[in-house]
Amino acid sequence: MKELLKNRVFLIVQGADLLQQIGIWTRNMALLFYIMEMTNNNPTAVSLLTTLEYLPIFIFSLIGGTYADRWNPKKTVVYGDALSALSMLLILILISNGVWQSVFAATVISAIISQFSQPSSAVLYKKHIPVHLVGSAIGISQSLMAIFTILGPILGTFIYTQLGLETSIWTLFVIFTIASGLQLFLPKTVKNKSRNETKSALIDVKEGLIYVFKHNNLKFIACIFFIVGISFGITQPLDVFLIMERLGLPKETVQWFAAAEGIGMLLGGGLAVTLSSFVEKNSKYILTTTIIAISLITIIEIMSFWPLLTAAARILSGLSAAFIQVIFSTMMMKEVAADYIGRTNGIIMPLMMAGLLLGSASSGFIVLKVDLIGAYIFAAMLTLSCIILTSRLQLKKAAPRTN
């Protein structure tokens, strides 16, 4: 841990991520409340905001990952946050001139830029963080995200309700400017210019697809992401019905169970850091055990009539999800060659989102065909089926540490 905290790239990337998390939640809550006010709580407008946040993942994820492999990662993250800051100024000007619909553009621009900057951060990790510290680094990153899953909505709501939309956007401008400036202190990264100049981006995309399909572990991981995405997608829209029908609580209490899951994610991230060496040596077996645990937790949730038991299940669910995220992210960093990090992320990561959307779209149909309990049990069985894939993973043994 001490060695990791002395790593300049880790500290700078985590500092920038922390600022970006503050910015994301400030943006999310401000735009949500502003659009609800401007449209008189129109659900179509709210759903459009969510769609515009996730749609760029499908369109730009592979493109962003491809160029993350081609471009200088330091310049990409610096310019990305600088462009985000400038876009906030443009949105502010448009709003001041009465074009309130421009707030939708803020979501689209931010989502597009993130598809270029996020894989570039992964490239920086791959190049500058020793392999035996990757698990701890990702665990800390996961813990920070979990903290903002809990505190982010509170912070974003406070800034908007107390200071208003324009101040919220000015806050975003300042946050992204500081993040961009902070990343100027990243070390220079030497890129293989000859490769970039002699190959087109389309060839790079093709090579990325071939790379994933040639490596069995990556194919298995991609399938697991997709299946787990479908499972989570089925249950997420039904959470509010679980709260009302099984627990007999008002729908507004769903936020507290979401907070319980966030606490679990925070605990899971911290535990993954503490046990990083053990997890690294036994990742295949821990992954299989965690998938089984998530399946059982899903069944416990739907069978429970007691709020405390459901809340405890949510905490364990969040903890398990954090463990899976840390293990998968660590595996990706170790399995993938540095020149393919961006493209591999761009191919595999959207599969989780595709699964989520497919599961969400089918959840209502599944409930009509069976019932609420049947839908949760089906989701649990889908998750459990992933142990067939985890059993086929062939993971490399952790490399011995050198002094």
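Above: the structure in question.
Now for a quick tour of the structure.

Rules used in this analysis
- Residues numbered from 1 in each chain as written.
- Predicted model: local features only at pLDDT ≥ 70, side-chain atom pairs only at ≥ 80, totals over all residues.
- Heavy atoms only, no water.
- Phe/Tyr/Trp six-rings, centres within 6.5 Å; stacked < 30°, edge-to-face > 60°.
- Helix = DSSP H or I, 4+ residues; strand = E, 2+ residues; numbered from the N terminus.
- Buried < 20%, exposed > 50% of the residue type's maximum accessible area, 1.4 Å probe, protein only.
- Disulfide = S-S within 2.5 Å.
- Contact = heavy atoms within 4.5 Å.
- Expected span 1.5 Å × (residues − 1).
- Arc of directions from axis to C-beta.
- Core = buried A, V, L, I, M, F, W, Y, C linked by side-chain atoms within 4.5 Å.
- 1 Å grid on protein atoms, 1.4 Å probe; cavity = no way out; pocket = protein on both sides within 12 Å on 5 of 7 lines; lining within 4 Å.
- Points joined across faces, edges and corners; volume = space filled by probe spheres on them.

Right, let's talk about the packing of aromatic side chains for a bit. A full pass over the atoms with the stated rule returns 1 aromatic pair. Taking 5.8 Å as the distance between ring centres and 90° as the angle between the ring planes, the aromatic pair formed by W170 and F173 counts as edge-to-face. Of this pair, W170 and F173 both sit in helix α7 (residues 165-182), 3 residues apart, which is roughly one turn of that helix. Note on W170: relative accessible area 42%, which makes it partly exposed.

Going through the model one piece at a time under the given rule, you end up with 0 disulfides. Among the cysteines around C223, which has no disulfide bond, C386 carries the closest sulfur, lying 9.0 Å off. Its relative accessible area of 0% is what places C386 among the buried residues.

When you line up the elements, Y376 lands in helix α17 (residues 372-384). For the pair Y376 and G342, spaced 34 residues apart in sequence, the C-alpha separation works out to 34 Å. Apart from the residues lying within four places of it in its own chain, the contact partners of Y376 are T235, L238, D239, L242, T298 and I302.

Turning our eyes to something else, we now look at α7. Counted at 1.5 Å a residue, the expected span for α7 with its 18 residues is 26 Å, and the 26 Å between its end C-alpha atoms agrees. Every buried residue of α7 is accounted for by L165, S168, I169, L172, I175, F176, A179 and S180. The arc enclosing the buried residues of α7, seen along the axis, measures out at 130°, which places them on a common side.

Counting residues in hydrophobic clusters, the biggest one holds 49 residues, and the most contacted among them are I129, I221, L287 and F328. Setting aside chain neighbours within four positions, we find I129 in contact with L4, N7, F10, L124, V134 and A137. Of all hydrophobic cores here, the second largest spans 21 residues; its members include I35, I91, F104 and L165.

We now examine empty space enclosed by the protein. Leftover empty space is mapped by rolling, across the atoms, a probe with the size of a water molecule. Enumeration over the complete set of coordinates arrives at 1 cavity of 30 Å³ or more. The calculated volume of the largest cavity comes to roughly 40 Å³. Lining of the largest cavity is provided by R27, L31, M88, I91, V103, A106, I169 and L172. Elements with a minimum of two residues in the lining of the largest cavity: α2 (8-38), α4 (73-96), α5 (103-128) and α7.

Moving on, we come to helix α10 (residues 216-235). Over its 20 residues, α10 runs 29 Å from end to end, which matches the ideal 28 Å to within 8%, given 1.5 Å per residue. The element α10 is extensively covered by neighbouring structure, given that 14 of its 20 residues are classed as buried.

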